[in-house]
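Chain residues, written in single-letter form:
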Amino acid sequence: MKRIAILGARGQLGSLLHKSLLKSQEFEILALSRKAGEGYLCFNPFQDDWKILGKVDVFVNVAGIIRESKNEAFFEVHTELLRVLIENRNGIGNPRLIHVSVLGSDLSSGSAFLNSKAKGEAIVLKQDDALVLRPSLICLPNNLLVQKLILLLDISRYLGNRALLPATFPQHKIQPVMPQDVLQAIERAIQVQDLPVKTLDLVGPDPITFGELMTLAAKVRNQRLIPIEIPKNLVDIVTRNFVSVWFPEILDYEQFKLLFKDNVGDASPMKEWLRRAPLSSTEFWISAFSKPD
């Protein structure tokens, strides 16, 4: 029986992975979390002795944040955590490493989020028997993009259904991936005898623009929408100096920067890895934008 440790087991993706792996009789699961709870091992990777984990066969890191706080910074969670993991790898039996990063990570990026992700990947990629998975936006319930687009529609109602958008934003593309595909990719990485690749991009079958998503959201919510593009540099100044400072729940500056980068990839390697075509996300978006009954 393989012992599988999941770091970040309380997060949206981590909790789904935990539940999925528990269905198998082949695995003993160590669900690691900084917070105590039934079914979880309270574990702080920066403070606790890693030897309390015992011998681990596969270590899956799904820990990550999408917004910095007073207690958590991108560099700490996405980079420094990986350094600590590697330092303690031998002490827990030199397990296989499966690290979930993000599509579009980039060492030269001006985004602290993407930069810290890339630095973490670089640490893992130097290791033997290690795999970096790079999912695009994962279609998890009530994800941040869904929240922001619904908020945009709600605000537009007070502006005569006008949506004030930074120029070029509606044309940028993402290639969302369904969580079932991500889970299956992780589970296969756990089970194969040898890892044939070091990295794998996880993307859905079709790219979609932000503009197309907004149109779909308005249609599902039976709302008229009049997009009005305004100069990006003006929105940049207002977002950086006002919105992200006083109303970060609307949009912080780090999130703003991510809106102007296509996040797409080649689905062929993922199709080969899963041995099937990736799932469409169309029904997910329709359900996500639908108003509660």
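The numbers attached to residues start from 1 for each chain and follow its sequence in the written order. Only residues with pLDDT of at least 70 get local features here, since the model is predicted, and only at 80 or more are side-chain atom pairs given and counted; chain-wide, interface and lining totals rely on the full set of residues. To obtain the side-chain values, all non-hydrogen atoms of the structure were included, while hydrogens and water were left out.

Visitor: Where do I start with the packing of aromatic side chains in this structure?
Guide: Here the distance between the centres and the angle between the planes together describe a pair of aromatic rings. By convention, a stacked pair of Phe, Tyr or Trp rings (six-membered ring in the case of Trp) has centres within 6.5 Å and planes under 30 degrees apart, an edge-to-face pair has planes over 60 apart, and any other such pair is tilted. Scanning the entire structure with this criterion turns up eight aromatic pairs. Measuring from ring centre to ring centre gives 5.0 Å for Phe-284 and Trp-285, while their planes differ by 75°; the resulting arrangement is edge-to-face. Through a chain of ring-to-ring contacts, the aromatic side chains of Phe-43, Trp-50 and Phe-59 assemble into a single cluster. Positioned over the ring face of Tyr-40 is Arg-10, at 4.3 Å from the centre of the ring. Above the ring of Trp-273, the side-chain terminus of Arg-188 is found at 4.5 Å from the ring centroid. The rule is short: NZ of Lys or CZ of Arg within 6 Å of the ring centre and within 35 degrees of the ring normal puts a charge over the ring.

Visitor: Explanation requested: the pattern of salt bridges in the structure shown.
Guide: Pairing between side chains of opposite charge can happen when their charged atoms approach one another. We define a salt bridge as a contact between a side-chain nitrogen of Lys or Arg and a carboxyl oxygen of Asp or Glu at a distance within 4 Å. Going through the model one piece at a time under the given rule, you end up with ten salt bridges. The residue Glu-254 makes a salt bridge to Lys-257 at a minimum N-O spacing of 3.4 Å. One end of the pair is Glu-254 and the other is Lys-257, both in helix α8 (residues 253-258) and three residues apart, which spans about a single turn. Relative accessible area serves as the criterion here: at 14%, Glu-254 is assigned to the buried category. Exposure remark for Lys-257: the relative accessible area of 29% places this residue in the partly exposed category. Each member of the salt-bridge network shares a partner with another, and the members are Glu-80, Arg-83 and Glu-87. Numbering of helices and strands starts at the N terminus; helices are DSSP runs of H or I of at least 4 residues and strands are runs of E of at least 2. Buried residues are those whose accessible area, probed at 1.4 Å on protein chains only, stays under 20% of the maximum for their type, while exposed residues exceed 50% and partly exposed ones sit between those limits.

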